[in-house]
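Listed below are the residues making up each chain.
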Amino acid sequence: MLQHIVKIALCIILLTISPLTVTNIVSAESSATINTSVLNVREGPGLSYKVIKQVKSGEKFPIIETKNDWYKVKLSNNLNGWVAAWLVSTSQVKPQPTSSTVVSTVDSLRIRTGPGTSFQVTGYMDKGQEATFIEKNENWSKIQFKNTKGWVSSQYLSAKSTTPSSSTPSDNNSGTVRTGKITANAVNVRSQPNLSGKILGKVNNGDSVTVTNEKESWYEIKFNKTKAWVYRDYVKIQSTNTKPNNNTPSTPEPSTQSGTGIVTASSLNVRENNTLNGAIIGSLKKGDSVTILSESNKWFEVKLTNGKTGWVAGWFIERQAEKPKESPSTSEENIVKILNNGTNIRSGASTTTSVVARANEGDTFKILGTEGDWYKIDLNNGKTGYIAGWIVQVIGDTPTVQKPGVNQYLKDKTIVLDAGHGGRDSGAIGVKGTYEKDLTLRTTKLVFDKLTAAGANVILTRNSDTYVSLASRVSISHYRNADAFVSVHYDSINDSSVRGVTSYYYKNIDVPVASAIQTEMIKYTGLKDRGHRSGNFQVLRSNRQPSALLELGFISNLTEELTVNSSNYQENVSNGIYYGLAQYFKSN
């Protein structure tokens, strides 16, 4: 009897402490995208299980469970199976923003090609101007402003109020009057908010106008005691005042705006009328182009390929608004808009030529031609000059110049970013309770956004709080034939006075990676430099690709724990890793 009890007790203990099988039920919002040409789906989480189906590259399936290095995925309503975690990429549906529209809180908010001040400026927003929100990381937001997608500093954005309004999405009837200043000469004033509108007259640089409404890319202004329209790129808003509105809110009238749009949902029903109760008369799929006939209550009336018309939910249509090709005086002209005060205008297409004039933010000049990366411009005084194409905004058909920066060294490089620990493995725990696994994921996601914006092919070993074995992390590096593998960690030690940043290498080919990243991280963070040194870590030792393991500060040091948790540090250290990789590829 005693032996029987002992056996039962031992079984319970072994089941309790066994580390061999770790099962996690994951959110239904997680999904796996197949990363190999053909992948076997098995009955169980291991190579010994029977293959029940094969799936192809790019296919995406919901993850319903994880076990060690395997994901259980839902193939259909009646079929589930297991796939190797190292042969798929995982993603989680990002929470939708509380408002899909954001508003600039400052004038001249710079729009950049990537999430960081090193990325090229492609335009700017003025205070009160609105943009469509796309996504956000810790410090930067990706937006679409008019026809341009880019990144802006999140601290200068606010969400547009979601209070119901009697206006259509493209029509501002909010009861506000704004004062604006014209920023170019001979701007056409039209009877309608499009290029077909009759020209009623012109306004010039410095003229003050009263803005009473807006529609897409146009402002309605008071002009000669009547209402007229000007293209909004030539108006800089100066102030906003609320005007009384005693009108009783009414049901929005359908807009007659036409145009085209692209379907963004995987499947979109076409209905008989503009409500979810409308009878379904057709269906569209993601990427389909539609002709928009009219708009009402955030629904678009569209024309189908069979000639019939119907209504679709407007929030699943990305409007393809054509940017007017109008210049200040004629639609054939192209102009540059200055983005910074004190911009040099030179006598020739080179920084070695003499400065003939200086321009300030908002100034505009007609483009006469291009020479390499420079624009030849009309200085409005009978003289001409040259301005660097990468420091101005172009309005018109002239191609935009992008001077290669560090992104030229990162473009098309395959980089595996490994956020250390995750899931059941918390990593180190800081003095104040910071989990290393959370910090590594924060940093890695910021680096991911920067590298992706630079044109690199970036793979994350994990992008959520999941456990991935060390062997699987190395397998991803090998399978992807990574040009560089970077494992991100935060340090801890019993001595709470120890602090600083360290980069580790194992093989000779690792040294340049670790050295370049270490140099740039110290430059950007200002933390103590503990140098790059040899480290016998499995993700380095077993990795055939150039690799580095980074320790980005000691969370066992209270001061350093508080520092590395700050958004400012996260931005700086991610910049250091980004620039370090750029320097490595530049030299190798």
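The coordinates are above.
Model, not experiment: these values are computed from the prediction.

Caption draft 1: Structural detail: the pattern of salt bridges. One pass over the structure, following the stated rule, counts six salt bridges. With its nearest N and O atoms 2.8 Å apart, the salt bridge here joins Lys450 to Glu571. In this pair, Lys450 sits in helix H3 (residues 436-453) while Glu571 sits in helix H8 (residues 567-587), placing the two residues 121 residues apart along the sequence. Note on accessibility: Lys450 and Glu571 belong to one class, buried. Between Lys507 and Asp510 there is a salt bridge, with the nearest N and O atoms lying 2.9 Å from each other. Each member of the pair Lys507 and Asp510 is classed as buried.

Caption draft 2: Geometry of the sheet that holds strand S42 (residues 529-534). Across the sheet, six strands lie side by side as S39-S38-S40-S43-S41-S42; this open sheet has mixed pairing. Where the open sheet ends on each side, the last strands, each with one partner, are strand S39 (457-460) and S42. Taken pair by pair, the neighbouring strands of this sheet meet at an average axis angle of 20 degrees, ignoring direction. Relative to the sheet, helix H4 (residues 470-479) contacts strand S38 (414-419), S39 and strand S40 (484-491), its axis offset from that of S38 by approximately 170 degrees. The strands touched by helix H5 (residues 511-525) are S40, strand S41 (501-505), S42 and strand S43 (547-554); relative to S41, the strand with the most contacts, the crossing angle is about 170 degrees.

Caption draft 3: Focus on the packing of aromatic side chains. On inspection of all chains with the given rule, the structure shows five aromatic pairs. Summarising the aromatic geometry, the rings of Phe119 and Tyr578 are spaced 5.6 Å apart at their centres and angled 45 degrees between planes, so their arrangement reads as tilted. Within this pair, whereas Phe119 is found in the loop between strand S10 (109-112) and strand S11 (121-125), its partner Tyr578 is found in helix H8, the two being separated by 459 residues in sequence. Each member of the pair, Phe119 together with Tyr578, is buried. What links up through ring pairs into an aromatic cluster is the set Phe119, Tyr524, Tyr578 and Tyr579. Above the plane of the ring of Tyr467 lies Arg424, whose end atom (NZ or CZ) is 3.6 Å from the centre.

Caption draft 4: Here's a closer look at the pairing of strand S22 (residues 226-231). Pairing of strand S21 (residues 218-223) with S22 involves six bridges; the strand directions are antiparallel. Each bridged residue has a counterpart across the sheet, and for Phe223 the counterpart in S22 is Thr226.

Caption draft 5: Just the nonpolar core, in detail. Ranked by internal contacts, the top residues of the largest apolar core, which has 39 residues, are Leu410, Leu451, Leu552 and Leu581. Secondary-structure elements contributing two or more residues to this core are S38, H3, S39, S40, S41, H5, S43 and H8. Among the elements that make up this core, the one with the highest residue count is H8 (nine residues). Once residues lying within four places of it in the same chain are set aside, the contact partners of Leu451 are Leu410, Ile415, Leu417, Ala456, Val458, Tyr578 and Leu581.

About the criteria used
Residues numbered from 1 in each chain as written. Predicted model: local features only at pLDDT ≥ 70, side-chain atom pairs only at ≥ 80, totals over all residues. Heavy atoms only, no water. Salt bridge = Lys/Arg side-chain N within 4 Å of Asp/Glu carboxyl O. Helix = DSSP H or I, 4+ residues; strand = E, 2+ residues; numbered from the N terminus. Buried < 20%, exposed > 50% of the residue type's maximum accessible area, 1.4 Å probe, protein only. Pairing = 2+ DSSP bridges. Axes fitted to C-alpha atoms, helices over the stretch in contact; angles between N-to-C directions. Contact = heavy atoms within 4.5 Å. Phe/Tyr/Trp six-rings, centres within 6.5 Å; stacked < 30°, edge-to-face > 60°. Lys NZ or Arg CZ within 6 Å of the ring centre and 35° of its normal. Core = buried A, V, L, I, M, F, W, Y, C linked by side-chain atoms within 4.5 Å.

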